[in-house]
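Geometric and topological summary
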Amino acid sequence: MRPLDEAETTVVFEKLLKFTGNNLKNIVESPAHEGPDPNPGRYCFRLQKNRVYYVSEALVKRATNISRKNLVAMGTCVGRFTHGGKFHLTVQCLGLLAANAKHKVWLKPTSEMSFLYGNHVLKGGLGRITDGIQPGDGVVVFSMSDVPLGFGNAAKSTQDCRKLDPNGIVVHHQSDIGEYLRMEDDL
Amino acid sequence: MALGSLSKKKGSKSSKGPPKKKQKGDLFTEKRPEKADLSDDSDVSNEEVEELENFDEDSGSELLSGDVDPLADDFLQGSDDEGTNFAESVSLLPSLLFENSGSDSAAGSDGSDSDSEVSDIERKSRALDERRAREEKDAEDELQTNIAEESDEFWLPTEEELEAEANRPPDLQNLQRRIQEIVRVLSNFKDLRQEGAKRKDYIEQLKMDLSSYYGYNDFLIGVLIEMFPVNELLELINAFEKPRPICLRTNTLKARRRDLAEVLLKRGVNLDPLSKWSKVGLVVYDSQVPIGATPEYMAGLYMLQSANSFLPVMALAPQEKERIVDMAAAPGGKTTYVAALMKNTGIIYANEMKEPRLKSLTANLNRMGVTNTIVCNYDGRELPKVLGLNSVDRVLLDAPCSGTGVISKDESVKTSKSLEDIEKSAQLQKQLILNAIDMVDANSKSGGYIVYSTCSMMIAENEAVVDYALKKRNVKVVPCGLDFGRPGYTRFREYRFHPSLDKTRRFYPHVHNMDGFFVAKLKKVSNSLPTAAAAEKDVESVEEAPLSSVEDAVEGSVRPSKEDSNKKNNPGRIKREHQNGNGAPKPAADKRRERKFPFRKEVPRRTEEKRQALRGTKRKGEGSK
């Protein structure tokens, strides 16, 4: 386990920025209630086996005496670095993103399952959409009952979505909670 | 009835016989449907066959074999045609011959109608006389028995019968009936037993029948028979055949039970709150959608978990901001429950030894939104070295076990477990529980508890392990807060455990409708170890010899790190382990055990003496300084 170096930190924060925008400071600076200390600490990012974890400092302190070979996970996993050095966000950070998301999309009940199987969001399945989405923005996908389902990239801006035909792609799928069942081994 | 008509038809010879026969006959027809099926003739033939079989019972030959009837039928059909009582007896005589495989009576005749008349008539009259004599004797016997006639019916099968059965494919109906009969006999053994049969014979036969009917191996059935009275045993075994209901636990970090229930009901799941002892459990009766694949499941609103897995966490009762260790955490149901109870404060170390199971553990933790957990991959026995001694507030040890309580989930346990498996598990569990105790800080403000649980029903894996821990460390058993279970055993056959073990709890499928489970909650009283001398002197409950070597091994591994604390302890030598003040009965118990097994202690005593001598010289050396 080691802290992220400069390059890695920028990459990670860039990705997160796409989803959260200004709320990024919420993520970095929120008080951390984990740990047995009575005072809340802060959160930090750590790298372990090519995976980036978002953990509170109290946990990090206490995880230092676990050897590198045997430490498996801490706190919440945010994403992983691929062999080629690229960083991908994984579904486990959904809770974090959903709480701080700037752009949201709500799906109709009929198209929930389709998204959970890994398909893109089509115009016909769109229930609600927040304003001000630009193409390429990170979008968090919710169900109509405000349950976060996953996240993806916006394909069109909000205005363009209105003009789309029902089979047009609105959000490119990146990750969804169905992966807990489909790809448990790869997470 | 038919017999009455027969006597009218044929002019009954013996007045006493038919009424008595009729009673018996009725009973027999009720209880022997198979014989009724086989004979397509009238009930007459049935009753006559059964009378004969009654005679045969007297001589102790087989009762239940099926190949008697076809032969008997032929002859009795012949008898009907002839229409006289004599004819009756003639036909009965050859039937006697064929049924009574062991007896020598009527050896010569062959029963067809074509033999010479004179010898036939002689034989007929002899047979008739014999028969009448037997009937009279039988009637007298019957008069003497004062209980329902059903009691005479069940006889243990003989050797030949058993061999014959072993050669044929198992007759399930037969087995089932025999099992029921033996249970009935054993429940009122004094009155219903067969003469000359000991209780042990009945139990042996029951064991064999149960293992072939339900598919258990001998070891497991033997253990179960020892633990439960026979009626309960049947209930237990039947309960093992059926699966327990699926339960789920609401994730209180993300949802409330009421809301979740509403959402699931809308999806078409038929569910109910689990019981009054749980505020987060729901039991699923049936469901139109796969319950493990709903969007709510994937969002982490609930966890599929069997009801018995709630219990150790409820017993542990973790508080906020505590440090908790879960020594065998995968797949993470209990760990996530602990985190939910702690509201994501404090810190949980979730340890899992087997690598393939780590993925599901991390996935579940992330799915349920748990943020206060560190997952590590150690052997549970190494954890104290990594995390430090006396460093955490509570430990949950859901030990790997033989799994004899979850037979309804995994049928292979019925046949695959043997005494060695149980012993190996017990050995591992003993080491793990000692390590668990070592990690806990006795002086922690809010904690100091260890919860030990298994999904097994074996005494060797449950009470014996807790008893071992009581001897080796300064801990005591405290009530776990689960009052609806059955108290654990404090004594069982030749084992004697510490009396506080009745605060542990056992759960059974046929009583509580959850898988077999055992929970014990221990409180660590002090961080120091009890002195070695006291530990060795307290004889362990009767266990096989390998165990003493295990304890030496455990002592050896733990001892090097404990040398300091031991040296401090030596001045305060007499340290009673059982803090409940059971000093007085203990020496007596020791003496009792010592008398039984003096040689068993030789090896540990010798090593202990050596150690004492070594320590003595050390101390002397220090003293002289």
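Residues numbered from 1 in each chain as written. Chains lettered and ligands numbered in written order. Predicted model: local features only at pLDDT ≥ 70, side-chain atom pairs only at ≥ 80, totals over all residues. Heavy atoms only, no water.

**Quick notes on the interface of chain B and chain A**
- Listed by partner, the interface residues are 32 residues for chain B and 32 residues for chain A.
- Both faces considered, chain B and chain A share a buried interface measuring about 2700 Å² in area, 62% of it formed by carbon and sulfur atoms.
- The largest per-residue losses of area from chain B upon contact with chain A belong to Met298(B), Lys321(B) and Asn366(B), which jointly make up 23% of the total buried on that side.
- The tally of links between chain B and chain A comes to one salt bridge.
- The interface formed by chain B and chain A includes eight residue pairs in polar contact (both at pLDDT 80 or more).
- At the level of secondary structure, the elements contributing two or more residues to the side of chain B that touches chain A comprise α15 (295-298), β6 (347-351), α18 (358-367), β7 (373-376) and α19 (383-387) of chain B.
- Element by element, the count of residues in the side of chain B that touches chain A is highest for α18(B), at seven residues.
- As defined by bridge partners, strand β4 (residues 71-74) of chain A adjoins β7(B) across three bridges and the pair is classed as antiparallel. In the strand pairing of β7(B), Ala73(A) is matched with Val375(B). (Contact = heavy atoms within 4.5 Å. Buried area = accessible area lost by both parts, 1.4 Å probe. Salt bridge = Lys/Arg side-chain N within 4 Å of Asp/Glu carboxyl O. Polar contact = N/O pair within 3.5 Å; in protein donor to acceptor, adjacent residues only side chain to side chain. Helix = DSSP H or I, 4+ residues; strand = E, 2+ residues; numbered from the N terminus. Pairing = 2+ DSSP bridges.)

**A short note on the UniProt feature "binding site: S-adenosyl-L-methionine" (unreviewed entry) in chain B**
Residue and element names in this part refer to chain B.
- Per the UniProt record, "binding site: S-adenosyl-L-methionine" (unreviewed entry) is found at Ala328, Ala329, Ala330, Pro331, Gly332, Gly333, Lys334, Glu352, Asp379 and Asp398.
- In this view, Gly332 contacts Met303 and Leu361; residues no more than four positions away in its chain are not counted.
- Secondary-structure assignment places Asp398 in strand β8 (residues 394-398).
- Not counting the four nearest positions on each side in its chain, Asp398 is found in contact with Ala328, Lys334, Ser453, Thr454 and Phe517.
- Looking at Asp398, its side chain comes within polar contact range of the side chain of Lys334, at 2.7 Å. (UniProt positions renumbered as here; feature names shortened; annotations may be inferred.)

**Focus: unusual backbone geometry**
- Here the bond from Ala330(B) into Pro331(B) is cis, since omega is -5°, no more than 30 degrees from zero.
- Topologically, Pro331(B) is positioned in the loop between β5 (323-326) and α17 (333-342).
- Of note in the backbone geometry, Lys49(A) takes a positive phi value of approximately 55° without being a glycine.
- Of note in the backbone geometry, Arg493(B) takes a positive phi value of approximately 50° without being a glycine.
- In this fold, Arg493(B) is placed in the loop between β12 (491-492) and β13 (495-496).

**Side note on the sheet that holds strand β3 (residues 281-287) of chain B**
All names here are of chain B.
- Pairing is antiparallel across the open sheet formed by four strands, whose spatial order is β2-β3-β1-β4. Both outer strands of the open sheet, β2 (269-273) and β4 (302-304), are each paired with one neighbouring strand and no more. Geometrically, the sheet is characterised by an average inter-axis angle of 35° between neighbouring strands, direction not taken into account.
- Where strand β1 (residues 246-250) meets β4, three bridges bridge the pair, whose relative direction is antiparallel. Bridged to Arg249 within β4 is Met303.
- Its contacts with the sheet put helix α14 (residues 257-267) on β1, β2, β3 and β4, and the angle it makes with β2 is roughly 155°.
- Contacts from α17 reach β1 and β4 within the one sheet, and its direction differs from that of β1 by about 30°. (Axes fitted to C-alpha atoms, helices over the stretch in contact; angles between N-to-C directions.)

**Quick look at the pattern of salt bridges**
- Across all of its chains, the model carries 24 salt bridges over all chains by this definition.
- For Lys414(B), the salt bridge identified is with Glu411(B), shortest N-O distance 3.3 Å.
- For Lys414(B), a relative accessible area of 3% translates into the label buried.
- Note that Arg473(B) is salt-bridged to Asp438(B), the shortest N-O span being 2.9 Å. Taken together, the positions of Arg473(B) in the loop between α22 (463-472) and β10 (475-478) and Asp438(B) in helix α21 (residues 419-439) put the pair 35 residues apart, joining distant regions of the chain. Considered together, Arg473(B) and Asp438(B) belong to a single accessibility category, that of buried residues.
- A single network of salt bridges, built from pairs that share partners, joins Glu112(A), Arg267(B) and Glu296(B). (Buried < 20%, exposed > 50% of the residue type's maximum accessible area, 1.4 Å probe, protein only.)

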